[in-house]
Amino acid sequence: MATRLTLNITGMECPNCAMTLERMEDTLPGVLRAEASYRKAQLVVEYDPQKIDEARIRAEVERLGYRAV
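Predicted, not measured: the structure shown is a model, and the values here were computed from it. (Residues numbered from 1 in each chain as written. Predicted model: local features only at pLDDT ≥ 70, side-chain atom pairs only at ≥ 80, totals over all residues. Heavy atoms only, no water.)

> Tell me about the pattern of salt bridges, and name the residues and values.
Pairing is possible between side chains that carry opposite charge, provided their charged atoms lie close to one another. Taken as a whole and assessed by the stated rule, the structure comprises 5 salt bridges. Measuring nitrogen to oxygen at the nearest pair gives 2.6 Å for the salt bridge that ties R33 to E35. Taking relative accessible area as the criterion, R33 reaches 24% and is therefore assigned partly exposed. Taking the relative accessible area as the measure of exposure, E35 reaches 46% and is therefore partly exposed. Each of R33, E35 and E46 takes part in one network of salt bridges that share partners. (Salt bridge = Lys/Arg side-chain N within 4 Å of Asp/Glu carboxyl O. Buried < 20%, exposed > 50% of the residue type's maximum accessible area, 1.4 Å probe, protein only.)

Written out as structure tokens, the structure reads:
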């Protein structure tokens with residue numbers, strides 16, 4: 001069963017920033033869907049908790065140059 005996580009993101013300033021975060025669904029095993037909105041400064045991630053955890057998702061956000069608050 002998938003888990004849904006909504007994060008408020010700082011540092012997102014344009015649609016390209018949102019697309020960068022959305023690529024997590026292609027690069028992180030266990031991430032089923034990633035949808036970002038730079039206008040809302042939000043990232044919604046659906047993931048398989050048996051394959052990845054919230055801490056790893058937050059770490060990836062930071063690695064990409066943004067901050068989850």
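> Give a description of the pairing of strand β2 (residues 31-37) that names residues and reports values.
Relative to strand β3 (residues 42-47), β2 runs antiparallel, the two sharing 6 bridges. Looking at the pairing, A36 lines up with L43 of β3. (Pairing = 2+ DSSP bridges. Helix = DSSP H or I, 4+ residues; strand = E, 2+ residues; numbered from the N terminus.)

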